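What follows is the residue order along each chain.
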Amino acid sequence: RTAICLFTRDLRVHDNPVLQHAAQADRVVPLFVLDEAVLRRSAPNRTAFLLDCLRDLRGSLRELGAGLVLRAGAPATEVARLVDEVGATEVHVAADVSAYAQVRENSLRQALNDCALLVHDAVVTAQPPGHLAPSGKDHFAVFTPYFRRWSATPLRPIAATPEALRMPRMRTGKLPTREELCPGELSPDLPPGGETAGRDLVQRWYAEGVADYGDLDGGTTSRLSPYLHFGCVSPIELIDQAGDSEPERAFVRQLAWRDFHHQVLAARPAAGHRDYRPRGDRWREDPEAFQAWCEGRTGIPIVDAGMRQLATEGWMHNRTRMIAASFLAKTLHLDWRLGAQHFLNLLVDGDIANNNMNWQWMAGTGTDTRPNRVLNPTRQAQRYDPEGTYIRRHLPELADLPTRALHNPNHMDPEQREARGYPPPIVDVAEANAHFRTARDQRSSSA
Ligand code: FAD
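Residues numbered from 1 in each chain as written. Predicted model: local features only at pLDDT ≥ 70, side-chain atom pairs only at ≥ 80, totals over all residues.

Participant: I would appreciate a short explanation of the UniProt feature "site: Electron transfer via tryptophanyl radical" (unreviewed entry) in the protein in the present structure.
Facilitator: Under the UniProt annotation, "site: Electron transfer via tryptophanyl radical" (unreviewed entry) lies at Trp283, Trp336 and Trp359. With the annotated positions falling across 77 residues, the maximum pairwise C-alpha distance of 14.5 Å places them together in a single cluster. Tracing the sequence through the fold places tryptophan 283 in the loop between α11 (246-267) and α12 (287-295). Here tryptophan 283 is in contact with His333, Leu334 and Asp335, once residues within four sequence places are set aside. With respect to the helices and strands, tryptophan 336 occurs in helix α15 (residues 336-346). Overall, tryptophan 336 belongs to the buried group, with 24 C-beta atoms counted inside 10 Å. In this view, tryptophan 336 contacts Ala329, Trp359, Gln360, Ala363 and Thr365; residues no more than four positions away in its chain are not counted. (UniProt positions renumbered as here; feature names shortened; annotations may be inferred. Helix = DSSP H or I, 4+ residues; strand = E, 2+ residues; numbered from the N terminus. Contact = placed C-beta atoms within 7 Å. Buried ≥ 20, exposed ≤ 12 C-beta atoms within 10 Å, placed from the backbone.)

Right, here's the structure in full:
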């Protein structure tokens, strides 16, 4: 028996059921396909991280006596070709949720004729999408009951890492450079990709970080999202290692949010680009406001601080993702898809399930049970960045201003603002938020 282990978003050798099962064959060929369709949509930041992951995975597989075969093209074609070359009888791959992943799985099935396709669950997520559902429904549309069920459902056992792999002798192919795959500018402060870096981070997180798990001011978050996105770390191992302290439980709850959004998207793949719950919004068009938002020049410091962090780190704190998204979709009333796409152009952790379903949540077209609420950036900044530490870090031009002015741009001295080259607010937030609420309430009551 010869098995192909097709890596996708599971770029790890630890707790990887795909590799574990493939390794039970007499010979195994680990494979990654540089998928043109994915790379065309990828962002330079994500592609750079992916290449780190592949380099690291290749090193780990070599230590196990194998290597990582790299091919470029359409996965179904490349896998079918390799099946013929090595006489494979089975192909192992992880189940995934996006509309594209589902198309990929179907094309693989069609291309493989006599070779078996074995799709493994609970690799990308901790609980497989579709396994937990309320009676008579195909998914949970509300988080709280989902979380109750999720918490009460045992996880699959951790998959053993193979001690050694037997791979036929063959050329594995050169890893391309980032410029060859996805030219374009990188954010300057990107994290290093790969399972080794991811596992180090997990260790540090549980040893030192999680005790301060919290919000913008001084609190830390794990920054594991890119490693989870590419499967460098296993969500099941992460949950398994968590203790019972309050911050650890809060952290595990966030991993349940990740599973929640994945199961919504798996059941409704169109929700990646279409309103999950249409509210009859007629989004405004305002290219200048959109541009100001992208550049972090809206004149609302907490929004701009988040957007600048995104540009420099390819990552943004969850709190500012929420504030920036609410501001775009509700205060400016621009189509959430514009904002989601801008995030996807930069986020190292960017994926359709977490990004687009969170955007829909914030835009009130998704699974939020209070879709008409709008975040007030001043109140958010006062509550979650009380000393203005986060704003000062990301908007150094405003660092010497009093905290009051950072929280509320109406308290900023116009002369001081101008001297620092910082723009006045592009919108009257209170007025715009009131307008959004009234418009939505009117539509809700006439629906
Ligand atoms: P931690 O707080 O340490 O949480 C641990 C892990 O839990 C995260 O790594 C992530 O995998 C998961 N998680 C945490 N919060 C959420 C959440 N609200 N929804 C789903 N999973 C969550 N997350 C992404 O991974 N990719 C995205 O593209 C993405 N886009 C977002 C867009 C918007 C508008 C919003 C509001 C949130 C988005 N999130 C996204 C969710 C969340 O902001 C990030 O997962 C989190 O900020 C990552 O930082 P961390 O790893 O330090 O998180």
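Participant: Even after reading the chapter, I still don't get the environment of proline 128, so can you show me in this structure?
Facilitator: Inspection of the secondary structure assignment puts proline 128 in the loop between β5 (116-120) and α6 (143-152). Look at proline 128 and you get partly exposed, because 19 C-beta atoms sit within 10 Å. Sequence separation between proline 128 and alanine 141 is 13 residues, and the spatial gap between their C-alpha atoms is 16 Å. Residues within four places of proline 128 in sequence aside, it is in contact with Ala95, Asp121 and Ala122.

Participant: Could you clarify how one ought to interpret the nonpolar core in this entry?
Facilitator: Within soluble globular proteins, side chains that are nonpolar tend to cluster in buried spots. Ile4, Cys5, Val28, Leu31 and Val79 are the most contacted members of the largest nonpolar core, which has 113 residues in total. Examining the composition of this core, we find that 8 residues originate from one element, helix α3 (residues 44-63), more than from any other. With sequence-adjacent residues up to four places away left out, valine 28 is seen in contact with Ala3, Cys5, Ala22, Ala23, Ala66, Leu165, Arg166 and Met167. (Core = buried A, V, L, I, M, F, W, Y, C linked by C-beta atoms within 7 Å.)

Participant: Can you walk me through the sheet that holds strand β2 (residues 27-35) in this structure?
Facilitator: Hydrogen bonds along the backbone pair up the strands of a sheet, which may run parallel or antiparallel. On the basis of which strands lie adjacent, the open sheet formed by 5 strands has the order β3-β2-β1-β4-β5 and parallel pairing. Each having just a single partner strand, β3 (69-73) and β5 make up the two edges of the open sheet. When strand polarity is set aside, the average angle formed by the axes of neighbouring strands in this sheet is 30°. As paired strands, strand β1 (residues 2-7) and strand β4 (residues 90-94) are joined by 3 bridges and run parallel to one another. Along β4, the bridge assignment pairs alanine 3 with glutamate 90. Here helix α4 (residues 75-86) sits on the sheet and contacts β1, β2, β3 and β4; the angle it forms with β2, its principal contact strand, is near 155°. (Pairing = 2+ DSSP bridges. Axes fitted to C-alpha atoms, helices over the stretch in contact; angles between N-to-C directions.)

Participant: Got a minute to help me understand the domain arrangement of the protein in this structure?
Facilitator: Assigned domains within the protein: domain 1 (2-123), domain 2 (125-156 + 196-267) and domain 3 (287-446). One C-alpha centre belongs to domain 2, the other to domain 3, and the line joining them spans 25 Å. Between domain 2 and domain 3, the contact holds 17 residues from the first and 20 residues from the second. The set of elements that each furnish at least two residues to the side of domain 2 that touches domain 3 consists of α9 (225-229) and α11. A breakdown of the residues in the side of domain 2 that touches domain 3 according to their chemical character gives 7 nonpolar, 6 polar and 4 charged. (Domains from an automatic or database assignment. Nonpolar A, V, L, I, M, F, W, Y, C, P; charged D, E, K, R; others polar.)

Participant: Teacher, can you tell me more about the packing of α11 against helix α16 (residues 352-363) here?
Facilitator: Each pair of packed helices gets described by two things: the angle between the helix axes and the distance between those axes. Where α11 contacts α16, the two axes come as close as 9 Å, and the packing angle between them is 90°. Here α16 runs roughly perpendicular to α11, going by the angle between their axes. Counted together, Arg258, His261, His262, Val264 and Leu265 of α11 and Ile352, Ala353, Asn354, Met357 and Asn358 of α16 form the full contact between these two elements. (Parallel < 35°, antiparallel > 145°, perpendicular 65-115°, else oblique.)

Participant: How should the site of the ligand be read in this particular structure?
Facilitator: If you check the shell around the ligand, you find 28 residues, and the closest are Thr221, Ser222, Ser225, Asn355 and Asn358. Listing elements by their share of the shell around the ligand, those giving two or more residues are α9, α11, α14 (318-331) and α16. Top element by residues in the shell around the ligand is α11. It accounts for 6 residues. For the shell around the ligand, the class distribution of residues is 11 nonpolar, 12 polar and 5 charged. Counting only domains with at least three residues in the shell around the ligand, you end up with domain 2 (125-156 + 196-267) and domain 3 (287-446). (Near = placed C-beta within 6 Å.)

Participant: Is there a simple way to think about α4 in this case?
Facilitator: One turn of the α-helix equals 3.6 residues, which is why residues spaced by three or four share an orientation. Its 12 residues place the ends of α4 16 Å apart at the C-alpha level, agreeing with the 16 Å of an ideal helix rising 1.5 Å per residue. Pro75, Ala76, Glu78, Val79, Ala80 and Val83 are the residues of α4 that are buried. Taken together, the buried residues of α4 touch β1, β2, β3, β4 and α5 (99-111). Of the residues one or two after α4, glycine 87 is the one with positive phi, at around 65°. (Expected span 1.5 Å × (residues − 1).)

Participant: Where do I start with the pairing of β1 in this structure?
Facilitator: Within a regular strand, side chains alternate between the sheet's two faces. Burial analysis of β1 places 5 of its 6 residues in the buried class, the great majority of the element. With 6 bridges connecting them, β1 and β2 associate as parallel partners. Considered in β2, the bridge of isoleucine 4 is made with valine 29. Considered for its hand, the β-α-β crossover made up of β1, helix α1 (residues 17-22) and β2 is right-handed. (Right-handed = clockwise from strand over helix to strand, strands pointing away.)

Participant: Would you explain the UniProt feature "binding site: FAD" (unreviewed entry) in the protein in this entry?
Facilitator: The UniProt record annotates "binding site: FAD" (unreviewed entry) at Tyr213, Thr221, Ser222, Arg223, Leu224, Ser225, Phe251, Asp349, Gly350 and Asp351. Considering the C-alpha atoms alone, the annotated residues occupy 139 residues of sequence and remain spread out, their largest mutual distance being 23.3 Å. With respect to the helices, strands and loops of the structure, tyrosine 213 is situated in the loop between α8 (195-209) and α9. Excluding its chain neighbours within four sequence positions, the residues that come into contact with tyrosine 213 are Gly219, Thr220, Thr221, Pro247, Ala250 and Phe251. With respect to the secondary-structure elements, threonine 221 resides in the loop between α8 and α9. Given 20 C-beta atoms within a 10 Å radius, threonine 221 is considered buried. Excluding its chain neighbours within four sequence positions, the residues that come into contact with threonine 221 are Tyr213, His317 and Asn318.

Participant: Explain the packing of α15 against α16 here, please?
Facilitator: At their nearest, the axes of α15 and α16 sit 10 Å apart, and the two run at 145° to each other. Crossing angle aside, the handedness with which α15 passes α16 is right-handed. Contacts from Trp336, Gly339, Ala340, Phe343 and Leu344 of α15 reach α16 at Asn355, Asn356, Trp359, Gln360 and Ala363. Residue composition of the contact of α15 with α16, grouped by class: 6 nonpolar, 4 polar and no charged. (Left-handed = near helix turned anticlockwise from the far one by under 90°.)

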